[in-house]
Amino acid sequence: MNLQQSSSNEPSFISGIGGRGPFYFNEEEALHDLKHFLPAQAPLKDFIHHNTLHAFQHLKFSKAIKLASEIFGYKVSLSLKEYRALFRQGKIHEGILSRTINERKGAAHYREWREKMLFGEYQNTTLPRIGMLRSNWKRHYHIDLDSLVHPTLFRVICSYLDQGIAMWNFPVGTKGFLAAVRELERNSFTSFFKTKRVRNILLKGDYSIGNLLNILIGDKSMYKQYLFDQQFAHQGWSGIVASIEDNPQNLLDPKKISLHDIIYFELLLEIDALDFTFGEIWSPLAFRTNKRPIELFSRVTTTELDDVISLWQEAFEWSYYDQVLAGIRQQGQQTSEKPSSKTFQAIFCIDDRAFSLRHYLEKIDPHCETFGTPGFFGVEFFFKPENGKFYTKLCPAPLTPKHLIQEVGSNGKLKKDVHFAKHSHTLFRGWLITQTVGFVAAFRLFFNIFKPTLSPAAASSFSHMNKVSELTIENKNPGDKENELQIGFTTDEMAVRVESLLKSIGLIKHFAPLVYVTGHGSSSVNNPHYAAYDCGACSGRPGSVNARAFCYMANHPKVRAVLATRGLNIPENTIFVGALHDTTRDEIVFFDEKNLRGALPDLHEKNERIFQEALSMNSKERSRRFESIETKMSASKIHRKVKHRSVSLFEPRPELNHATNSLCIVGRRSLTKNLFLDRRAFLNSYDCSIDPDGKLLFQILKPLGPVCGGINLEYFFSRVDNQKLGAGTKLPHNVMGLFGVANGIEGDLRPGLPSQMIEVHDPIRLMLIVEHSTSVILETIQRSPEVYEWYLNEWIHLVSVDPVTRKTFLFNAGKFEEYNALQMVGAAHDISSLIESTHENIPVHIIS
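Caption draft 1: Quick look at a nonpolar patch on the surface. Together, I165, V735 and L738 make up an exposed nonpolar region whose accessible area comes to about 240 Å². You can see L738 is positioned in the loop between β15 (733-736) and β16 (740-743). By relative accessible area, L738 is classed as partly exposed at 46%.

Written out as structure tokens, the structure is:
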């Protein structure tokens, strides 16, 4: 396989390590390249989904995953056995399989490749290149440096980065990591090291990483590959350090640490272990290595097994995509006509978990209307809760807000359990609390087994903001600032954000009396990954503040006056109401209901009952994937069990989050309103009739790749390789310093998603379906190289739906080609019968 030429932003050695000659080693370049390939996961509080193999995104998907597998030993697809089982189960359609082989290998070779796919036997004995150089320590010196070095390394890094678990702070922790370690070594009675040579090297500080590598390796041509081997032996710790170095604000208690520092410290620990074991008479690794290992990024050869796996993956994906595109085509011609009278309208996040709730609202009240948009609702800011010490970011991760919203008048403090207070750690009071409150806590824990309840220790989406508090949304004094952040928004700033959101979703007329803006969050206990269940558009936090802020802006008389001058007239009797949907408990809370006047309180009360019924029906649909719940019970009974499940200490799957996500649809609701898509689609409302040139479309598509594509690919790779690209099972996880999880107390940090989040996930790439002409879509995605890369390199499939004919066109190799679906989809008069009958994914149905 020939690798594509890398850009200036890619590692300089992407087509071969050490590209400037055998005696060349540049420390800065090596560290830059390492960062590019290490996991990019942020600390737990800011769990943002991303493409796990982002370092290879400049390559075609098939080539990229082959390269990642060969170099790092990642499992990047299902096994041959799993694909064949899916084919026998009917999840890979016979017709799709035939078409895939004919298109990829030619009709003349159809029988040959079908035989290979169904019955061929293959042995995959290729060893990953990573770690080959460093394995020579075991082979030639019979020493396991990892077991000697990692326990000390991990403990010191964890203690330094600790965000509140430890009773005492790391000594001299205000200094950088290496400076703090040096200071401790200089002033302590004990030492990190067992030998004098290494201690003196640290204290003098006159050695570079290159000097240390010279002691260990002795051959500059191997230095960079050795660093890769070393750091990928604990990619979780190295990745979190690299992430914090580039984004120190990701920690509430910032720390000065760098990849350089931990590499330097680890090299010292390795030299120390060798000195202690052999004295100072051992020779560098290069002097004992007879055969050089394969260079990490040298040419990779594609095998027949790779071709077979690629064919199976494509057939698996299109067996689902084909149903969806057939369903869209079968629904008939698109109409842009909308009834002028609505009972209410509701704006939700594009989140796939909102899909089913929107469907049940529309089913219960056919005269309501729902929309989808990223759940920060176009309002980016930092939020400071009352009595809070820190700011929380409530917008997508790439944005840097310039505004601050503060909470005031919350009327009280958050509840807390006595035995979790700080004074329980002191000698006398800790003993006293153990003998008194400890017994009460033990009884409550025992009682919680049989009747789980929401406790102060739970992560609750409703506690992110107090419902009765006031928010400083409007900037009434131009000089109001805090830490260079403007407190609140000016009238013009508010008008821009309201106009931008309403136009992007196509809500510019026919307003209902009540418009609900509904953020989402999640509640769970004993779940360190709780931020992954909240709103990704709000940096892994609930969208309650954003919903309230947008409603305040949209209700503001001055904002409406400005919008009227721009042709956007919101009727005086229309009120926007903020809300928060807890996706785990299927509960909803509404904000600022005191603003309702006249007949609106009665109308709101009626709508609340509709929401409650829809939430119960939503719980019933969700429950079919919960083994512990009998799906055939009534919706109300299931809803009660779902609430209990959400707060059970013994439930590792309070909800399944984005599992089974596979679609992102940008278009009018009528495009999918009659399709049952099984909670597998992100829905972004967009009306192409008011955006003929695609100006609004660009603002929609620009974040969808990193956000929805990132979610999809993290689920994809965590599913196919849960040990290296995922976090493994939750059961042995131990929270490290409140920023990561590891197995036990001395393991590597686990990036990616735990097995309990991905067990039911089908690893297929996201398909983005956009309702607009092919010419406008093509021009739109080509405006940004970062956006275009996702589709050109096939990390996301892209389809255009013609707004008039409903014909579908697939983007392939830089152009659109008409796609004709092979499968037909069935009609379901009552979807509840399907829901009660299976735990598997339900095929696409047209709901009649």
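Caption draft 2: Seen up close, the sheet that holds strand β1 (residues 345-349). Reading across the sheet, the 5 strands line up as β2-β1-β9-β10-β11 and stay open at both edges, with mixed pairing between neighbours. Every other strand in the sheet has two partners, leaving β2 (369-373) and β11 (587-590) as the edge strands with one partner each. The average undirected angle you get between the axes of adjacent strands in this sheet is 25 degrees. Alignment of β1 against strand β9 (residues 514-521), held across 4 bridges, turns out to be parallel. Within β9, the residue paired with A346 across the bridge is Y516. Contacts from helix α19 (residues 491-505) reach β1, β2 and β10 (575-582) within the one sheet, and its direction differs from that of β2 by about 115 degrees.

Caption draft 3: Spotlight on helix α3 (residues 80-88). Along α3, the residues classified as buried are L80, Y83, R84, A85, L86 and F87. At its buried positions, α3 is contacted by α4 (94-105), α5 (110-119) and α15 (304-330). One or two residues past the end of α3 sits G90, with phi positive at roughly 85 degrees.

Caption draft 4: How the structure looks around the environment of L502. Structurally, the position occupied by L502 is in helix α19. For the pair L502 and T373, spaced 129 residues apart in sequence, the C-alpha to C-alpha distance is 9.6 Å. Contact partners of L502, with chain neighbours within four places excluded, come to L507, I508, F511, F550, L568, I570 and F576.

Caption draft 5: Up close: the environment of V844. Topologically, V844 is positioned in the loop between α28 (831-835) and β22 (845-847). Taking relative accessible area as the criterion, V844 reaches 3% and is therefore assigned buried. Taking C-alpha positions, V844 is 6.9 Å from L675, a pair spaced 169 residues apart along the chain. Not counting the four nearest positions on each side in its chain, V844 is found in contact with Y320, Q323, V324, L675, F676, L677, V825 and G826.

Cut-offs used in this document
Residues numbered from 1 in each chain as written. Predicted model: local features only at pLDDT ≥ 70, side-chain atom pairs only at ≥ 80, totals over all residues. Heavy atoms only, no water. Patch = residues over 30% accessible without salt bridge, like charges linked within 9 Å, V, L, I, M, F, W, Y side chains within 5 Å. Areas by Shrake-Rupley, 256 points an atom, 1.4 Å probe, with all protein chains shown as cover. Salt bridge = Lys/Arg side-chain N within 4 Å of Asp/Glu carboxyl O. Helix = DSSP H or I, 4+ residues; strand = E, 2+ residues; numbered from the N terminus. Buried < 20%, exposed > 50% of the residue type's maximum accessible area, 1.4 Å probe, protein only. Pairing = 2+ DSSP bridges. Axes fitted to C-alpha atoms, helices over the stretch in contact; angles between N-to-C directions. Contact = heavy atoms within 4.5 Å.

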